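Now for the letters of each chain:
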Amino acid sequence: MKPERLAHRWKRRHRRLLDELALQLRRARKQGDAESVHALRVALRRLRLSLRLGKELLDGERRERWRAWARQISRATSPVRDLDIAVEWLITNRANPALIQEGQRLREQAWRRHRRQVTLPPRGLLARLRQVPEQKAGPRSLSRRFRRLEARYRDHLRAQLPRFFRLTEEERHEFRRTARWWRYLRELAVPRKKMKRDPVCRRLLPVQEALGELQNLALVQTALDRLSPSPERDELGGLLARQQQAQLSLARRTLRALRKVLS
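Calculation notes
Residues numbered from 1 in each chain as written. Predicted model: local features only at pLDDT ≥ 70, side-chain atom pairs only at ≥ 80, totals over all residues. Heavy atoms only, no water. Helix = DSSP H or I, 4+ residues; strand = E, 2+ residues; numbered from the N terminus. Rg over C-alpha atoms; globule rule 2.2 N^0.38 Å. Buried < 20%, exposed > 50% of the residue type's maximum accessible area, 1.4 Å probe, protein only. Areas by Shrake-Rupley, 256 points an atom, 1.4 Å probe, with all protein chains shown as cover. Phe/Tyr/Trp six-rings, centres within 6.5 Å; stacked < 30°, edge-to-face > 60°. Lys NZ or Arg CZ within 6 Å of the ring centre and 35° of its normal. Contact = heavy atoms within 4.5 Å. Patch = residues over 30% accessible without salt bridge, like charges linked within 9 Å, V, L, I, M, F, W, Y side chains within 5 Å. Salt bridge = Lys/Arg side-chain N within 4 Å of Asp/Glu carboxyl O. Lys, Arg positive; Asp, Glu negative; His and termini not counted. Charge placed at Lys NZ, Arg CZ, Asp CG, Glu CD.

Turning our attention to the overall build of the protein chain. Within the protein chain, the regular secondary structure consists of 9 helices and 0 strands. Each helix and strand of the protein chain, placed in order from N terminus to C terminus, yields the pattern α-α-α-α-α-α-α-α-α. Its C-alpha atoms give the protein chain a radius of gyration of 20 Å, within 12% of the compact-globule value 18 Å for 263 residues. Taken along its principal axes, the extent of the C-alpha atoms in the protein chain is 70 × 45 × 30 Å. A total of 263 residues make up the protein chain; the buried ones form 45% of that total. Accessible area for the protein chain stands at about 14,700 Å²; split by element, carbon and sulfur atoms hold 48% of it.

Written out as structure tokens, the structure is:
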């Protein structure tokens, strides 16, 4: 893609992401339900990549202030989102209503503890992040940054893939994050009509989803351990273990497919 076209697409999407973040922040602060919290976290992640790509075109002090605020929001909503995942799993797998209600109580307690940390950004910050100075060399700078980021993400996945199942939990999480960053980056450069045919996007999304579900099942295990002991909880633990094994097999298949675009 030509630098000028890439820069145009980035600016347009960057401003849409800022609007989306403002919208989801209002909803999460007002409603605090599972859907709004999840949407807020997705908006934060996508905007984080946009700011990373536009690093050389945006004021550094503004970016640092945004990063500090965004980190606070992510940390505040993380334990809430973890319990939302567990409650959804309990409902999907038709757990006893008493167990579901117990999980929901834990979730609401977590939201009450952390909701005050879901604050508005510093006054005027989002508006200032919309201001991208016109620079003659801006498109070329953005294009170079795009290529460097894509190479960094590809190299990280290529290096870690052969030993993925020997990685620590944090290293696996970083692998999944890198796959997500690369997918977000590709979405900027690949027209939507061609997305399904793009060899990178076609393989990154299944990897991200498979590894994400593995992580979700681990979060469910942590939540189950917090629920009151009962024979049904033990049965659910057995079901969860079987699901984890099946998901592990799926993750292996998606990772093998990913090798084709990393070689």
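So, about the packing of aromatic side chains. Counted by the stated rule, this structure contains 3 aromatic pairs. Ring plane angle 85° and centroid distance 5.0 Å describe the contact between Phe164 and Phe165, whose orientation is recorded as edge-to-face. A relative accessible area of 2% means that Phe164 is categorised as buried. Measuring from ring centre to ring centre gives 6.2 Å for Trp181 and Tyr184, while their planes differ by 70°; the resulting arrangement is edge-to-face. Taken together, the positions of Trp181 and Tyr184, both in helix α7 (residues 169-189) and 3 residues apart, correspond to about one turn of that helix. Classification of Tyr184 by relative accessible area gives buried; the value is 6%. A connected cluster of aromatic rings, assembled from ring pairs, spans Phe164, Phe165 and Phe175. Looking at Arg52, its charged tip hangs above the ring of Trp181, at a distance of 4.5 Å from the centre.

What follows is about unusual backbone geometry. Non-glycine residue Arg94 carries a positive phi angle of around 55°. Here Arg94 shows up in the loop between α3 (60-92) and α4 (97-114).

Relative to the helices and strands, Arg13 resides in helix α1 (residues 3-31). For the pair Arg13 and Leu129, spaced 116 residues apart in sequence, the C-alpha separation works out to 13 Å. Residues contacting Arg13, with those up to four places away along its chain left out, are Tyr184, Glu187 and Leu188.

Okay, a positive patch on the surface next. On the surface, Arg5, Arg12, Arg16 and Arg192 cluster together to form a positively charged patch. Counting through the fold element by element, Arg12 comes out in helix α1.

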